[in-house]
Amino acid sequence: MEDNEVGHSEEEEQKSLLSFLEENEDKGGQFSNVEEHWEEYTLEEELDGAGTMGNKDASEGAGGKSDSTTASLEHDLDNINNIQAMKYTDRICLLTLQRNLKELNDIATEKELVVQKARDKLSTCQARIKMLAKQLDCVDTEIEKEEEAGNVAALSRLQATRRRLCTELENEKDFELKIALTLKDNRLEMWQTQTEQGKYEILHEQLKKAEEELEMQYQERAEVRIWKEKIAALQAEENRRAREKKEEEALKEYEERQKKILEDAQRNHKKAVCFLRKSMARIHEKNAKEEVKTQEHMERRIQAVLSLKTSITSNREKLQAVQVRNKAMAFEAKKQEMKMREAILAEGGNVAKEIFLHKRLLEHEKEKQAARELQKSRKIEIVSRILQEKAAIHKQKKSQSCTKAIKGRGEPGGSLLWRMKTWQHIEKTCKRSVGVIAQSQCSPSAGSSAGERTASVGKISEQIAHDVLCESSEEEKEGDETLIEPEFPGLWNQECDRHKVSKEAMDAKVKKDSFEKKMEEYQTGIFHKQIVSGHERKGCPFYSKPSCIHFKDFDVGRVYKKKIVLINASYSVNFCRLVGISEWLKDFINVQFVPPGKMPAGMSCEILVTFKPMRNENLEGEVMFMAQTGSFSVPLKCTVKRCILALDKELIDFGSHVVGETISRTINLTNSGALGTRFRVQTSVGDSSTRRATAESSPGRMVTPCLSDCAHEKKVSDSPVTSVVEKKEQVCPDHREEVTCCVAQAGQQRMETSPSGSSAEQLGQDVLNSRTDLDTDNAHHLVELSPEETPVEMMLGKVTEGEIGPFSSVKLQVIFVPTIPGDVQAEFVIMFDNSDCKPLCFSAIGVSTDVPVWVPNPKVDFKICMYNRLYQDCVAIRSRAKTTLRLKFKVCKGLSKHMELLPKAGYIQAQSSFSVQLKFLPRPSLPEDAGSYFNEETRVLEVPVTILIVNKAKKVNFTVHAIVTTSDLEISPTQINFGYCTVYEAVQANVTVTNKSILPQEFGFVGLPEFVEIQPNDGLGILLPLESLTLDIVFKASKAQEYSFELTCKSEINRQFKLSCKAVGVHPPLELSHSLVRFAATALNGVSTATLYVMNSHVSANRLTHAVPRTGSGEPAPLGPTWFEFRVPEDCPVTITPSVGVVFPGKKRKKDEKKEGKKRSISITKQQSSRQLVGDGGSTHLPSPCSSEQPNPKELKPDSDAYMAAQASLLRNFRGRFDRYIVPCFVASGSMDGKKGSENLSCSPYNTLYVELHCPAVAPSLVVTSDNGENTVSFGDVAVGHRMLKRITVQNISSEKMELGFSVLNPNGPFLLVRPVGMIEPGENETFSISFCPNESKWFFEKLDIQTAKTNLTLRITGRGVTPSTVCSVEEVLDLGYVVVREKVTSTFKIQNTSTLTLRYSIQLDSLSSTRDKDWQRLPSFITSPLQRREFVGTQNYSGLSAFSIFPTEGEIVAGKSQDFTVTFSPDHESLYYSDHLRVVLFGKDTAHTILLRGAGTARPVYVAGGAPLDVPVESLAGTFPRPLLEALEGELQEPVKSVLLILEYVEGSAAPAVTELEVGAIHSARFPLKKDPEFSVGSLALLQQKGFTLRPAKGTLERGQAKRIGVSWVPPPDSDAKDPVLVTALLTFKGDIKESYRILFMARVVSACAATE
C-alpha cells in the first residue's frame, strides 16, 4: 500500500510537472514531441530482437565440440537476462521528464542572463548620470568664472553646453527609471522560475537515479551482446571446420573421379577415332551430293534470272508503249476539252461549269464500272467459299465414318485384344527391319551409329502406327491367323493362344455392332445438348473418384469390394444410370448402383463394385453409364500378384587396392511385388570366377554364351530405351552380346517396376552406357584364363541363395581379395525359381596394385620460372600399406645444384600421407647441367624424381615440369644525343624497351633529373612477354650549358639497366609568350584566332645579374634589335600576321594567328583537297549521284549538282581530325640599312624558336540541307518594295539535342528573320524563313550566325533591289471600234520589260473586280463633274460575261523580252458605250499600266460615229428625244431612225469656220454577207448650205471594213442672229443590200473668244 501511495504521489507530481511544462510549450513553442524518443526506443528493441534471432540461428548451426563452452556462456546470459529491465512506460516518462526539466533549466538560465544584462545596463546608466553631473558642475564653475571675466562669447558657448548636459541628464534619468522597472520585472520572473525549480528538486534526484539505472541497463545489454557474439563466433568456427573437412573429402572424391574419367576418356578416344573416320567418309559423300545439288540449284537460279531479265525487257517495252498510249490519250482528252471549251464559249455558256459537270459525269461512270467489277469479284468469292465449305463438310463426314468404322472394329474384341494384335504387328515389322539393319552392319560399308539405328526404329514405329490405323476389315477378321513363325517355340505360342478370339466372340462382335447402331439411333432422341450462357458443355458429364477401379494383388476365391463416387461435372441438373460392364468381366464383377435421380451440378453418388476372382490372370474392362448429355465409362483393372525384382546397382567398383587386402561390398536385391520367390546367385556361364586384363597378354576377346532364359525371351516394351537395347543385342555379333542381353533384361524388369516411363528410360540409358563403356574398354584386353592359372579374387559372400518375400529386400555380399596386380572383373547372375522373373545380372570390377605408396599428383608443374629465383612446392605422398614405410628421395646428379628435396628421407605411417618440400633455384648453368632434360628451343625442363621404398624393389616416380626464362630487359639505343635544345622548348627522343622474358615484367625509370621527363606513365609500366614498348624521353634544358647524364631503369626483381644521354642547352635572344597554341575546336568553314607575343628580354650583357642569351658555353648574343621570321608550311591552314618583324630590347611584338577555314572547305577541283578531307574522317570513296563509278575530280565543276552532292556527303561523313603543326621562327641579331640590306644580320640555326599548333577540326553539328547544302542564301534580283521569302532547312547531324540561337540582323536593313527555330532534336530537320524587301536599287549583304552550344553556322545572305520598268505599246485608250452584235474582234498590244528583273504580271479587268457591286452604289459618272469621273466600266453583255477578254492573263516577262497581249471584244447586244478598264499589275501589287478599252456594238453592218452623245452611258437611265420632236419625226418617217447630234461653235470675229467630223463605215461581217458595197448620202444639202453648213463629201461608196470621214464646217450666214443657235436636221442614208438611215442634228452657235478660251 505504501508503495502504491508513493507511486501515486510520484505520478501526480509528474502529471503536474507535465501540465506545467505543457503550458510553457503552449506559451513559448519551444518543446518537441515524444515521437523522437519513441523511434529511438523502437530501433533499440528491433536491434535486440535481431541479435537474439541471429544468436539462435548460430546456436542451431554450431557443432557439438564446444558444448561445454556454449553452455557456460548461455548460463551467464541467463543470469544477465534475469535482471529486471525498465518498463517501456517508465522509459517514456523518464525521457519526457528529462527533456522537460532540461527545458526548465534553460528557461531559468535565460532569465538569469536577462537579469544580469539589465543590471549591467543599469550600472552603466548610473555611471553616465554621475559623469554628466560632474560635467554639469564643471560647466557651472566655468560659467561663473566667465561671468566674472565678462567673456560673452565663452559664456554663450558654456550656456549651450550646460543646456545640452541638462537634457542628456534628464534623458539618462528617464532611461534609468525604465531599466529599474525592467530589472524588477525580470527579477520577479527569475524568482518565480527558481521557485519552480525548487519544487522539482526531488524529481531531479529521481531523474539522476533513473539515468544511472538506465546506463546500467545499457551496459548489461552490451555485455549480453558481447557474450552472444562470442557464442556465435565459436559456433561459426565449428561450422567452418566441419565445412573444410567436407570440402577435403569432396576434393578427394573429385580427384579419384577425375582420374577414372581421364582413363575412360583415353580408352574411348581410340574407339571414337574409328567411328570418326567412317563418319567423315559419310560426311564427305554427303557434301559431294550437296555440292552437286547446289550446282544444279545455281543453274536453275541462273536460268530464272535470265528469264526474269528477258521478261523485264519485254515488260519495259510494253510499259513504254502503254506510256505513249496514255500520253496520246491524255493529249486527245485535252484536245477534246479545248474543243468543248470553244463550243461552250461560242454558245455563250459557262465554260467552267460545263467542264466541271462533264468531269463529274466521267468520274461517276468510272465509279459505276468499278462497283460492277467489285460486285462481280465478290460474287465469285462467295461462290468459292460455298464450294470450300461443301468440300470441308464432305471431308468431315468421310473422316467421321472412318473413325466410327475403326471404333466398331475395336470394340467387340476388347481393348486388350486390340492392343495385342497391334504389338504383334509391330514385332513382325521390327524383326524384318532389324534383319535388314543387321545385314547392313555386317557389310563393309556399314557405319551407322546407335543414334541412327534408334532414329530408324522410331521411323519404322511411326509407319507401323499409320499402317495399323488404316487396316481393312478383312485383315481384322483374319487377325487370329498369323504368318509369323517363332524361332523358339514355347511361351510365344502360349501367349498367342491365350488371346485368340473364337467364333462365338466374333458372333458377339457382330451382335454388338448391330446393338450399338440401334443404340445410337435411339440415343439421338434421348441425349440433349447442355447449353448454359451460350456455351455448350463438352466432355465427360461425370467424374469418378478414383478415376480407375483397380483391384491389385488379388487371390482367387476371395471377394473384394470398392466404392467409387460419381460427381456431376456438368453445368446443370443431370441424371445417371448404369448401362453395364464389359462382357468378359460379367462373371467376376458385380456392380451395385441405385440411380439417384436428378443430380444438381457438383453433387455426387456412390457405387459399390464387388470382384470375385475365379482365375489367376489380369483383367481389364470398363463400367458403362449413361447420362442426359451422353454416355461415359469408368475403367476397371484387376492385376494378379507378381514378383517385381530389382537391384540397387549393376556395377560394383572396388577401386584400387594393394595386393593382400580383403575388401567387401554389398548389393541390395529388392522385391517390390506381392509375390515371393526363391533366388540363387552364381557367376556367369563360362566365367567361373573372374576375368583379368594383363598388359603382357596379346589382344583377344572372350565370347561368353548367353543364358538360355535371356536368349529365348523377347518382350516388346513401351520404353524406347529397351527397344534400342534389344536392337543392339540382335545386331552386335561380338562378345558384348552377353552383357548387353542381360542389361536389356534388367532394364525391362526395372521399367516394369518403375512408376513412370521417363524414369525407366533414363535408368535404362544409364545402364546401357555404363555397361557398354565397361565392356568396350576392356574388350581388346580380355583373355580367358583357366581356373588353375587364375586365382579367385572376386567371390560371393555367405548368402548365395535363399527366399525373398513380398515387399522385402536381401543384401548380397561380394568380396575382393587382390592377389595379382592388374584389372579384375567378374560377372554375376541372379536366377529365380519363378518363371515370370527374368534373371538379373551385375558385375564387379577392381584394380590391384603391388606398390603401397603413390603420389596423388605425379606431375609437379612450376609453370614459368626465372633464373636465380627460388621456387618452392609441397609434394604429397600417400600410403596404402598397413605398416610404416621408410622412404628416400633422389634427384639426378646434374640437377642437384638447382633442385633439392627436404627432407631427403622419412617415414610414412600406415594409410596416411607424407609431405616433402621441393625447392627449385634455376641458375644460368641449368642448360648445360640438365642435358637432355632441358629443351633449349622451348625452354622446357622435365626432371624425373625417384622415391625409393626401403626393402622394396619397386620405385615410385614423379616428374617436375618447369619453363625457365631470363629476366633481362633490353634498351635500344643505349645512348641518346638530344643535340641543341633551347630553354623555351623540349626535345623528344624515342627508346625501345624490350622484355626478353616470357613472363610479364614491371619496370620503371627512377631517380630522374628535373630536366628529363619520360612518358607514358612517367616511365613506369608492365611489359608483356617478348613485348617491346616505345618510350618518349623529353629533355628540357633549364639553362644554357652542356649536359651529360645517365638514366636508370629498374625491373621488379631490382635489376638495373643504364641509358646514357647528352645535350646542349641554348638560350635564344628572343622568346615567345606561348610555345603551344591550342585552337578551339573549329568546324568546317569556321575560323579561330589566337594571339601570341615575341619578346626581346636581352637588355644587358651582365652574366652575373641574369642569364644572357648564348649557345651552350659560348659567347653571349649582341645587344640591339633582333629580327624574326615565321615560316608557315605549305599545307598548314594557319596565317600569321605579321610573319616578319623586328623587336627592340625590352619590347614585345604582337602576332595574330588565324586558323582559317579555307583548308576545311570542301574542294573537289583539286585532288589534294579531296584527299585531305577524306583523311579528315570522311568517306574513302566519293559518291556520285549519277553512276556507281567514282568521278574524276577534274571533271566536276563547283556549280554542278554532283559537286554539291559530294560536298554534302563529305560534310555528313566527316568525323573530325586533329592536326599538329610546328612552325619555325628564325631569329637574327643586328640592324638593317638600305645600302647593305641584311648583310649585318647574324643568324644561328640553334636560336630557332618553334611554335606548336594544335588544330582540332570537328564535324559541324548543324548543316544546311536546302539548296544542295549551300551556306549562301541568294535572293537574286527582287523588285524594290516587294518582299521575297526563302526557306532554309537545317539538320542536326549530331547525337545531342541542341538549342539554336540567331544573331541579330540589321534592323534597318532589308533582311528579316521569320519564324526562328528554338530546339532541334538529333537527326531532325527544321525550317526557318528569311525575307528580303529592298527599299532601293542596290546590292545588299549580311551574315546570320546560327549559334549552338558547340559550334556556329554562318549563313551569308545576299540580294539585289531592282526597280521594275516596262514599256507598253498602247498609251491610255484601246478602241476596238464597231462590231456586229454576236461577233467578235481582236486587237493586240505589247509590253516590254526594260529592267534586269524577271517580272511576274497579272491582267485585271474592272468588270471582273470583286468590288464592282460596291462601286455601283455610288453616283453615276454623268451626274458628277467631268473632273471627278473615274468610272471606266460601261455597258456589259446581257449574258453576264464580260464583253472584253484578254489573253494571257498572267505570266512572267523575262528581262529584256516583251509579251504580246490579245484583247477580244464580243458584244451580245447593240450599244455605243461598251467600255472596260484594263490594269497590268506586277507582282500582284503594283499597277504598271492602265488601259481604257472601248467598243460599240451594232445590229447592222454599217455605222455612223461622231457627234455629241444624246443619252447617258448607263443603259437603264438612257432616254429618248423630246416627245414633240419624236412625234414630228414619226410623221415624216415610218421606220425608227438613229439620231446623231453635231455641235459647232464659231468664235466671234474669227476667220476660221467651226469644224467637226462624222465617221461612216461598213463592217466586215459573216452574218451579213454584202453583195453590193453600201453607198451613203446626206440629204437637205440646200438647207444646210443656206444655214452655213458645208459637208465634204456629202455622198460616197464604202467597201467592207472601210471607214470614211465626212467633214462638217459652219460659218454663220450674214443674216443670222448671233444670239440664237442654229438647228438643222438632215438624213444620212445608206443604200445597198442593207438600207439604214441616221438623223443628223446640226446645232451651231456663235461664242465669244473669252468663252471659247474657257
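Rules of the game
Residues numbered from 1 in each chain as written. Predicted model: local features only at pLDDT ≥ 70, side-chain atom pairs only at ≥ 80, totals over all residues. Heavy atoms only, no water. Helix = DSSP H or I, 4+ residues; strand = E, 2+ residues; numbered from the N terminus. Buried < 20%, exposed > 50% of the residue type's maximum accessible area, 1.4 Å probe, protein only. Contact = heavy atoms within 4.5 Å. Areas by Shrake-Rupley, 256 points an atom, 1.4 Å probe, with all protein chains shown as cover. Core = buried A, V, L, I, M, F, W, Y, C linked by side-chain atoms within 4.5 Å. Phe/Tyr/Trp six-rings, centres within 6.5 Å; stacked < 30°, edge-to-face > 60°. Lys NZ or Arg CZ within 6 Å of the ring centre and 35° of its normal. Pairing = 2+ DSSP bridges. Axes fitted to C-alpha atoms, helices over the stretch in contact; angles between N-to-C directions. Salt bridge = Lys/Arg side-chain N within 4 Å of Asp/Glu carboxyl O. Lys, Arg positive; Asp, Glu negative; His and termini not counted. Polar contact = N/O pair within 3.5 Å; in protein donor to acceptor, adjacent residues only side chain to side chain. Patch = residues over 30% accessible without salt bridge, like charges linked within 9 Å, V, L, I, M, F, W, Y side chains within 5 Å. Charge placed at Lys NZ, Arg CZ, Asp CG, Glu CD.

A. The overall build of the protein, seen in detail. Broken down by element type, the protein carries 23 helices and 80 strands. Buried residues in the protein amount to 34% of all 1654 residues. Within the protein, counting contacts between residues at least 6 apart in sequence, those at least 24 apart form 73% of the total. Carbon and sulfur atoms make up 52% of the accessible area of the protein, which totals about 100000 Å².

B. How the structure looks around the nonpolar core. Grouped together as the largest cluster of nonpolar side chains are 36 residues, with contacts concentrated most on Ile877, Phe920 and Val960. With residues up to four places along the chain from it excluded, the contact list for isoleucine 877 reads Val853, Trp854, Val855, Leu887, Phe889, Ile908, Ser912, Ser913, Phe914, Val916 and Ile947.

C. How the structure looks around the packing of aromatic side chains. All chains considered together, the criterion is met by 32 aromatic pairs. Each member of the aromatic cluster is reached from another via a ring pair, and the members are Phe978, Phe1011, Phe1035, Tyr1043 and Phe1045. Residue placement shows lysine 230 over the ring face of tryptophan 227; its charged tip is 4.7 Å from the ring centre. For the cation-ring pair, lysine 562 lies above phenylalanine 551, with the distance from its terminal atom to the ring centre recorded as 5.6 Å.

D. Broad picture of the sheet that holds strand S72 (residues 1502–1505). Taken together, the four strands give an open sheet; going across it, the order is S72-S74-S78-S76, and neighbouring strands pair in antiparallel fashion. If you trace the sheet from one side to the other, it starts and ends with S72 and strand S76 (1589–1592), each paired once. Taken pair by pair, the neighbouring strands of this sheet meet at an average axis angle of 20°, ignoring direction.

E. A look at unusual backbone geometry. Cis peptide bonds are those with omega within 30 degrees of zero, and the linkage from serine 972 to proline 973 qualifies with -5°. Residue placement: proline 973 occurs in the loop between strand S32 (969–972) and strand S33 (975–982). Cis rather than trans, the peptide bond between glutamine 1015 and proline 1016 has omega equal to 5°. Residue position: proline 1016 is located in the loop between strand S36 (1012–1015) and strand S37 (1020–1023). Positive phi, normally seen in glycine, also occurs at aspartate 553, with a value near 50°. Here aspartate 553 lies in strand S4 (residues 549–554). The phi dihedral of glutamine 911 falls on the positive side, at around 50°, and the residue is not glycine. You can see glutamine 911 is positioned in the loop between strand S27 (905–908) and strand S28 (913–920). Residue glutamine 911 is classed as exposed on the basis of its relative accessible area of 53%.

F. Spatial organisation of the pattern of salt bridges. Enumeration over the complete set of coordinates arrives at 35 salt bridges. The residue lysine 260 makes a salt bridge to aspartate 653 at a minimum N-O spacing of 2.7 Å. With lysine 260 in helix H6 (residues 201–347) and aspartate 653 in strand S12 (residues 651–658), the pair connects residues that are 393 residues apart, well separated along the chain. Since its relative accessible area comes to 36%, lysine 260 is described here as partly exposed. Given a relative accessible area of 35%, aspartate 653 falls into the partly exposed group.

G. Region of the structure containing the side chain of glutamate 1342. Inspection of the secondary structure puts glutamate 1342 in strand S61 (residues 1339–1347). Among buried charged residues, glutamate 1342 stands out as having no salt bridge; its nearest opposite-charge side chain is lysine 1338, 9.9 Å away. At 3.0 Å, the side chain of glutamate 1342 and the backbone nitrogen of asparagine 1306 are in polar contact. Apart from the residues within four sequence positions on either side, glutamate 1342 is in contact with Leu1305, Asn1306, Gly1309, Pro1310, Phe1311, Leu1355, Arg1356 and Ile1357.

H. Looking closely at a negative patch on the surface. On the surface, a cluster of negative charge is made up of Glu247, Glu248, Glu249, Glu253, Glu255 and Glu256. You can see glutamate 248 is positioned in helix H6.

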